[in-house]
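Here is how the chains run, residue by residue.
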Amino acid sequence: MARAAMVLMFIVVLITAVAGLLASARIVRQYERGLIFRFGRLREVTRGPGLTLIVPVLDRLQKVNLQIVTMPVPAQDGITRDNVTVKVDAVVYFRVIDPVRAIVNVQDYMFAVLQVAQTSLRSIIGKSDLDELLTNRERLNQGLEVMIDSPAIDWGVHIDRVEIKDVSLPESMKRSMSRQAEAERERRARIITADGELQASHKLADAAATMAQTPTALQLRLLETVVEVAAEKNSTVVLPFPVELLRFLERSASTQATVEPPQGEYAPELSRVHTAR
């Protein structure tokens, strides 16, 4: 009986030891760090990844995640410096670099970072113009990162990056910007057309000066135009009468009048002249 009682006691002690070991064993993952609180007081030693043992009932293990946290910032309504109502949302990337300060100095560091991000985003909206929000986001992202990181350092949190995701505009502002962009494109089109006409006029002036030196070139160009027009189907060609041909005929007529003997009332006088000779 005594031996059986000893065996039973040994089994009870063994079960108690195993249960105590299981109760005191904790596993800390590679991306985590463990903080031990004994009677509510933080132990100085931070537990690393792997199997760690604590004193049951006396100790409490709190794990802190060291991974980069992606936190979306809800869209914030604000008025820009040029009095435009916009709605801007962002995303914050941060991680814990000091687990002790992240647990001891702030009650909930994730909620605290979210609130700071929202207030900083509203402040950035009020300090910026609409054009800056739409075109110069890199500088605004850097400003947001500095504004959020300043208080987060005391919480053991490091802000890796802040990105503005979207800028929502009122429908009236979208229509105004659309009209502005259309007017800008129309202005550029007119400038390009006018520039093309100016260049073409210079080229035409050069061509006219060249043709003025060689009138035959104008005739050749006219014949080329006639050929191009005649190549089209169902076309009617109106051929102008060249001025040079009129001048040629006029010179020919004047030369013929000079060579031929005059007729009519002046003929007897010419005949008398010939007879006297």
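Residues numbered from 1 in each chain as written. Predicted model: local features only at pLDDT ≥ 70, side-chain atom pairs only at ≥ 80, totals over all residues. Heavy atoms only, no water.

Q: Would you mind showing me how to read the overall build of the protein here?
A: From N to C terminus, the protein includes nine helices and eight strands. A sequence separation of at least 24 residues applies to 64% of the contacts in the protein between residues at least 6 apart. In the form shown here, the protein has an accessible surface area of approximately 20,100 Å², with 59% of it arising from carbon and sulfur atoms. (Helix = DSSP H or I, 4+ residues; strand = E, 2+ residues; numbered from the N terminus. Contact = heavy atoms within 4.5 Å. Areas by Shrake-Rupley, 256 points an atom, 1.4 Å probe, with all protein chains shown as cover.)

Q: Whenever I open this one, the side chain of Asp-149 confuses me. Can you help?
A: In this fold, Asp-149 is placed in helix α5 (residues 137–152). For the buried Asp-149, which has no salt bridge, the nearest side chain bearing the opposite charge is Arg-95, at an N-O separation of 9.5 Å. Here Ile-159 takes part through its backbone nitrogen, which lies 3.1 Å from a polar atom of the side chain of Asp-149. The residues contacting Asp-149, other than those within four sequence positions of it, are Val-157, His-158 and Ile-159. (Buried < 20%, exposed > 50% of the residue type's maximum accessible area, 1.4 Å probe, protein only. Lys, Arg positive; Asp, Glu negative; His and termini not counted. Salt bridge = Lys/Arg side-chain N within 4 Å of Asp/Glu carboxyl O. Polar contact = N/O pair within 3.5 Å; in protein donor to acceptor, adjacent residues only side chain to side chain.)

Q: What is the right way to read unusual backbone geometry from this model?
A: For residues that are not glycine, phi is negative in most cases, and the peptide bond is trans in most cases. Unusually for a residue other than glycine, Phe-39 sits at a positive phi of about 55 degrees. Tracing the chain through its elements places Phe-39 in the loop between β2 (32–38) and β3 (41–47).

Q: Before we go on, may I ask you to explain α5 in this structure?
A: Given 3.6 residues per turn, any residue in an α-helix points the same way as the ones three and four places further on. Compared with an ideal rise of 1.5 Å per residue, which puts 16 residues at 22 Å, α5 spans 22 Å between its outermost C-alpha atoms and is within 8% of the ideal. Restricting attention to buried positions, one finds in α5 the residues Leu-140, Asn-141, Leu-144, Ile-148, Asp-149 and Ala-152. Buried residues in α5, looked at end-on, bunch into an arc of 160 degrees, giving them a common side. Tucked inside the fold, the buried residues of α5 contact β7 (85–96), α3 (109–127), α4 (130–135) and β8 (157–168). (Expected span 1.5 Å × (residues − 1). Arc of directions from axis to C-beta.)

Q: How do you make sense of the sheet that holds β2 when you look at a structure like this?
A: Adjacent strands of a sheet form backbone hydrogen bonds with each other and so pair up, either parallel or antiparallel. The antiparallel open sheet is built from three strands, whose spatial order is β3-β2-β5. Of all the strands in the sheet, just β3 and β5 (59–65) have a single pairing partner and so form its edges. Sheet twist, expressed as the mean angle between neighbouring strand axes with direction ignored, is 30 degrees. In the sheet, β2 pairs with β3 via four bridges, with the strands oriented antiparallel. Its bridge partner lying in β3, Arg-38 is registered against Arg-41. (Pairing = 2+ DSSP bridges. Axes fitted to C-alpha atoms, helices over the stretch in contact; angles between N-to-C directions.)

Q: Sorry, what's going on with the pattern of salt bridges here?
A: Two side chains that carry opposite charge are able to pair once their charged atoms sit near each other. All told, the structure shown has 12 salt bridges when counted by the stated rule. Salt bridges linked by common partners bring Arg-81, Asp-129, Glu-132 and Arg-139 together as one network.

Q: What exactly am I supposed to notice about the side chain of Ser-128 here?
A: For Ser-128, the location among the structural elements is in the loop between α3 and α4. Sequence-distant contacts of Ser-128, that is, excluding residues within four places in its chain, are made with Thr-80, Arg-81, Leu-133 and Leu-140.

Q: Even after reading the chapter, I still don't get the sheet that holds strand β6 (residues 69–79), so can you show me in this structure?
A: As summarised here, the arrangement of the three strands in space is β6-β7-β8, forming an open sheet in which the pairing is antiparallel. Each edge of the open sheet is held by one strand with a lone partner, namely β6 and β8. The sheet shows a mean angle of 25 degrees between the axes of neighbouring strands, taken without regard to direction. Against the sheet, α3 contacts β6, β7 and β8, and its axis sits at roughly 35 degrees relative to β6. Along the sheet, α5 contacts β7 and β8; its crossing angle with β8, the most-contacted strand, is approximately 140 degrees.

Q: Help me understand the nonpolar core in this model?
A: Soluble, globular proteins show a tendency: their nonpolar side chains are buried together. Membership of the largest hydrophobic core comes to 38 residues, with the highest contact counts inside it found for Val-86, Val-92, Phe-94, Val-113, Trp-155, Val-157 and Ile-159. No other element matches the nine residues that α3 contributes to this core. (Core = buried A, V, L, I, M, F, W, Y, C linked by side-chain atoms within 4.5 Å.)

Q: I keep staring at the environment of Ala-102 and nothing clicks. Help me out?
A: Note that Ala-102 resides in helix α2 (residues 99–104). Since its relative accessible area comes to 1%, Ala-102 is described here as buried. Separated by 51 residues in the primary sequence, Ala-102 and Ile-153 place their C-alpha atoms 9.5 Å from one another. Contact partners of Ala-102, with chain neighbours within four places excluded, come to Val-96, Tyr-109 and Trp-155.

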